[in-house]
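# Understanding the architecture of this molecule
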Amino acid sequence: MIRVVVTGAAGRMGREVVKAVSRTPGMEVVGAVDPGHPGQDVGLLAGIEALGVTVRGDLAEVLRTSKATVMVDFTTPGAAVANIKTALEYGVRPVVGTTGIAQRDVEEIKAICREKRLGGLIVPNFALGAVLMMHFAGIAARYFPDVEIIELHHPQKLDAPSGTALQTADIVARSRQEKGVGDRTEVEKLDGARGGNLEGVRIHSVRLPGLVAHQEVIFGGLGQTLTIRHDSTSRESFMPGVIMAIKKVMELEQLVYGLDRLIFG
Ligand code: NAD
């Protein structure tokens, strides 16, 4: 039985994780941490039956008493880094969906995992379709170096651009032989009109009610465009990836970044 502590358990993603883990044979929710809703049963909070697990505020205390093996974190970047370090101190493997974690923090966490020979996963996007979108974008960039990214999310999202857009731009930048139109210098009559620029790949962020998580990668060539689009229309789309990650992290002895490494090797 894989014993899972959920941090950010009262949040939008945390509640989905509680539902998904408690429905999956071979794993169970043994702890829930969130400064919001302390004292409440986490099952009832997630809209399912009572699980007998109360939401608490102190992760270290929960790890001391729950005999957890995996921590699943969907919080904020600052909280996630602190939570990951606490989990690793207790020998608990982190599976992290929180986006916006700085590269230097990822490197530090990698070093701790290596030293302790503990598996960990940081995954900017758990949706299988999004992982495939990034993979296909890497292939297309070999033939179409001119590319821009539009990512669209709900307005509560704290970071822009999304972790997925950054990862896609990085994959594209590493795949293409030559640089595209993003490198040209033009007059920007309105600040930000051309979006952000990661190694010559322009990224545009849209925030609107009614959206969940969406991305278009648009390639332009002579007389043609190619658009690769992915839509997460509900937060359930992330759960098969989260469940896969919880199982896989038990076999790892290092930190792995991105679900693509697990799927494509
Ligand atoms: P949310 O605001 O609904 O939930 C975050 C929760 O974390 C809140 O309930 C908050 O009280 C709690 N929290 C804050 N500090 C905490 C701490 N120190 N310990 C424990 N809990 C703490 O946000 P959300 O929509 O659930 O998103 C959470 C994160 O997940 C964001 O970074 C978002 O970008 C990311 N996300 C990732 C994926 C993915 O596939 N990787 C998908 C969707 C969202």
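My aim in this report is to walk through the structure given alongside it, one point at a time. (Residues numbered from 1 in each chain as written. Predicted model: local features only at pLDDT ≥ 70, side-chain atom pairs only at ≥ 80, totals over all residues. Heavy atoms only, no water.)

## Section: the site of the ligand
Near the ligand, the surroundings consist of 21 residues, among which Met 13, Asp 34, Thr 99, Val 123 and Phe 126 are the closest. One nitrogen or oxygen atom from the main chain of Gly 8 is found 3.2 Å from a nitrogen atom belonging to the ligand. Out of a free accessible area of 870 Å², the ligand has 78% covered by protein chains. Broken down by secondary-structure element, the contributors of at least two residues to the shell around the ligand are α1 (12-23) and α4 (77-89). Among the residues making up the shell around the ligand, the classes are represented as ten nonpolar, eight polar and three charged. (Near = heavy atom within 4 Å. Polar contact = N/O pair within 3.5 Å; in protein donor to acceptor, adjacent residues only side chain to side chain. Areas by Shrake-Rupley, 256 points an atom, 1.4 Å probe, with all protein chains shown as cover. Helix = DSSP H or I, 4+ residues; strand = E, 2+ residues; numbered from the N terminus. Nonpolar A, V, L, I, M, F, W, Y, C, P; charged D, E, K, R; others polar.)

## Points about the sheet that holds strand β1 (residues 2-7)
Sheets are built from strands that pair by backbone hydrogen bonding, the pairs being arranged parallel or antiparallel. The strand order across the open sheet formed by seven strands is β3-β2-β1-β4-β5-β6-β12, and the pairing between neighbours is parallel. In this open sheet, the two edge strands, each paired with only one partner strand, are β3 (55-56) and β12 (255-257). Across two bridges, the pairing between strand β2 (residues 27-33) and β3 is parallel. Bridged to Val 33 within β3 is Arg 56. Helix α3 (residues 59-66) rests against β1, β2, β3 and β4 (70-73) of the sheet, and its axis sits at about 165° to β1. (Pairing = 2+ DSSP bridges. Contact = heavy atoms within 4.5 Å. Axes fitted to C-alpha atoms, helices over the stretch in contact; angles between N-to-C directions.)

## What to know about the pairing of strand β5 (residues 93-96)
Side chains Arg 93 and Val 95 of β5 all project onto a buried face; the interleaved residues Pro 94 and Val 96 project onto the opposite face, where all are buried too. Of the strand pairs in this sheet, β4 and β5 are connected by four bridges, and their pairing is parallel. Bridging from a neighbouring strand, Val 72 pairs with Val 95 of β5. You can see the chain leave β4, run along α4 and come back into β5, and the turn it takes is right-handed. Relative to strand β6 (residues 120-122), β5 is paired through two bridges, and the arrangement is parallel. Bridging from a neighbouring strand, Val 95 pairs with Leu 121 of β6. Viewed along the sheet, the connection from β5 through helix α5 (residues 103-116) into β6 turns out right-handed. (Buried < 20%, exposed > 50% of the residue type's maximum accessible area, 1.4 Å probe, protein only. Right-handed = clockwise from strand over helix to strand, strands pointing away.)

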